[in-house]
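Here's the letter readout for the chains.
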Amino acid sequence: MSKRDEFVLFINRLKAVSSTITNEQRKGLLRQATQEYEISSADAVEIMIESGLMVGEIENYFAVFGLTSDELHEWQENVVTAHIDAKHKELYSTSLRAGGLPRPDGKTQEQWRTLLNQARDVLIDPQKRREHAVKIQNGESDILSEFSKSDNYELVEDDEIAITELSHQNIPNDIVVPDEMVYIPAGQFQMGSNDIESNDDEKPVHTAIINAFLMDKYPVTNSDFKEFLIADAERIKPEWLSSEINITYHDGGYLNHWDGNMYPHGKHDHPVTGVSWFAAMAYAQWVGKRLPTEAEWEKAARGQLLGKKYPWGDSINVDDANYFYNISDTISVGQYPANGFGLYDMCGHIWEWCLDAYDTDFYNRPTSQNPFSGTNSLKWVVDNFKRVKTSRVLRGGPWGVDSQVARVSQRFAGSPTDTLPTFGFRCVMDVTT
């Protein structure tokens, strides 16, 4: 992956937590592009413009709501507040109903709703409204032109502080994100694919709205799973040791590449494989988490990119992921660049178990809010997973598949007892915001 692509992925990770930045943060990111990523100033400016984090002119928040500064100046404050709230609600609801339809201004519906929120927050505050009116009237220094003409691209301590502050924005204060997890914000995305390579069960593309959640940065590793087995061995009736597991919960190949309860030498940080859906569910329950739904997995894997084949874009090579037998085995997790959310190994490496039942026609009758496939509820499946009989979804595409199967929208089905050497998993946690 090129330095330029690495910087684009970094910008996408920042967008996942904040779609707005200050001028100081913009300057810091531009300098970081030239210093750490060795990108030309022109390329840095281009990337920032395309990212939506930076524009070359001031966004007129009055025009967003079809108003002028003079109109609002003539109204009583309570009238202004009521009008802004009503207009925001009207436009926001219209955007939600539009689903994934493109807008004539080139923005996605999600970008438009972000802009609506920004406009409301500024215009509803009298002081911010006055300051915004002054900026609109007088104009503001074009930070893009200023940077392009500058000779000073040196990254300074203030820049690094500003960028660090940016990376932690918009995560609610009452949510603690563990070191090995990332925060996936609530919102919608376009699920599925109409690409020429896509299969019938990936169609049609539809809007899915997902609650916020936390996801493991990496697949669960061999050493992680061993800790679970050690804990299980201490129980009066251990269930998940390879020597004790009931045949109801596997197909005979459970951890058969391990030596008893010890993973292969030198593979402590490889993703655990050869585990059934039942065993993955048991592990997730033990650590206080659960498996992701199929929709959660795909939203997280896309990393804020819209309509791309892979978590990083539309092309793939051996520098992007472990696929097509370029290594012919698992490797240590996190060896390839993270996606826009900071998640590793989402495509290539292993298949990852999801919570849902696999249904070929699920996308033909889409549910927009937190879709979940199966005759039982998500809570029932989590609480009664040992009673599950139907096939489950796997996502990601392992080390032995070609580029078509390693796509982010690719769906695969497995019996919950399957223990293929390419089947693994990662976990998620619910959050309340």
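Scroll up for the structure.
The rules we used
Residues numbered from 1 in each chain as written. Predicted model: local features only at pLDDT ≥ 70, side-chain atom pairs only at ≥ 80, totals over all residues. Heavy atoms only, no water. 1 Å grid on protein atoms, 1.4 Å probe; cavity = no way out; pocket = protein on both sides within 12 Å on 5 of 7 lines; lining within 4 Å. Points joined across faces, edges and corners; volume = space filled by probe spheres on them. Nonpolar A, V, L, I, M, F, W, Y, C, P; charged D, E, K, R; others polar. Helix = DSSP H or I, 4+ residues; strand = E, 2+ residues; numbered from the N terminus. Buried < 20%, exposed > 50% of the residue type's maximum accessible area, 1.4 Å probe, protein only. Polar contact = N/O pair within 3.5 Å; in protein donor to acceptor, adjacent residues only side chain to side chain. Pairing = 2+ DSSP bridges. Axes fitted to C-alpha atoms, helices over the stretch in contact; angles between N-to-C directions. Phe/Tyr/Trp six-rings, centres within 6.5 Å; stacked < 30°, edge-to-face > 60°. Lys NZ or Arg CZ within 6 Å of the ring centre and 35° of its normal.

### Quick word on empty space enclosed by the protein
Overall, the coordinates contain one cavity of 30 Å³ or more when judged by the stated rule. Looking at the largest cavity, its volume works out to about 90 Å³. Together, 16 residues line the largest cavity, and Trp-312, Asp-320, Pro-337, Asp-345 and Met-346 are the ones closest to its centre. The residue inventory of the lining of the largest cavity, partitioned by class, reads ten nonpolar, four polar and two charged.

### Quick notes on the side chain of Gln-190
Topologically, Gln-190 is positioned in strand S2 (residues 187–191). Taking the relative accessible area as the measure of exposure, Gln-190 reaches 16% and is therefore buried. One polar contact links Gln-190 to Thr-207, side chain to side chain, over a distance of 2.9 Å.

### Thoughts on the sheet that holds strand S4 (residues 213–216)
By definition, the strands of a sheet pair up through backbone hydrogen bonds, in either a parallel or an antiparallel sense. In spatial order, the strands read S1-S4-S9; together these three strands make up an open sheet with antiparallel pairing. Two strands close off the open sheet at either side, each with one partner strand: strand S1 (181–184) and strand S9 (428–430). The sheet shows a mean angle of 25° between the axes of neighbouring strands, taken without regard to direction. Direction of pairing for S4 relative to S9: antiparallel, over a ladder of three bridges. Across the sheet, Leu-214 pairs through a bridge with Met-429, a residue of S9.

### Some words on the packing of aromatic side chains
Enumeration over the complete set of coordinates arrives at 21 aromatic pairs. Ring centres of Tyr-283 and Trp-286 lie 5.9 Å apart, and the angle between their planes is 55°; this geometry places the pair in the tilted category. Within this pair, Tyr-283 and its partner Trp-286 are both found in helix H12 (residues 277–286), separated by three residues, close to a single helical turn. Taking relative accessible area as the criterion, Tyr-283 reaches 8% and is therefore assigned buried. Residue Trp-286 is classed as partly exposed on the basis of its relative accessible area, which comes to 37%. When the centroid spacing of 6.5 Å and the interplanar angle of 25° are considered together, the rings of Tyr-323 and Phe-324 count as stacked. Relative accessible area serves as the criterion here: at 9%, Tyr-323 is assigned to the buried category. Put simply, the rings of Phe-225, Phe-228, Trp-258, Tyr-263, Tyr-283, Trp-286 and Phe-425 touch in pairs and so form one group of aromatic residues. Between Arg-113 and the ring centre of Tyr-92, over which it is positioned, the NZ or CZ distance is 5.7 Å. Its guanidinium or amino end placed over the ring of Trp-277, Arg-392 lies 5.2 Å from that ring's centre, counting from NZ or CZ.

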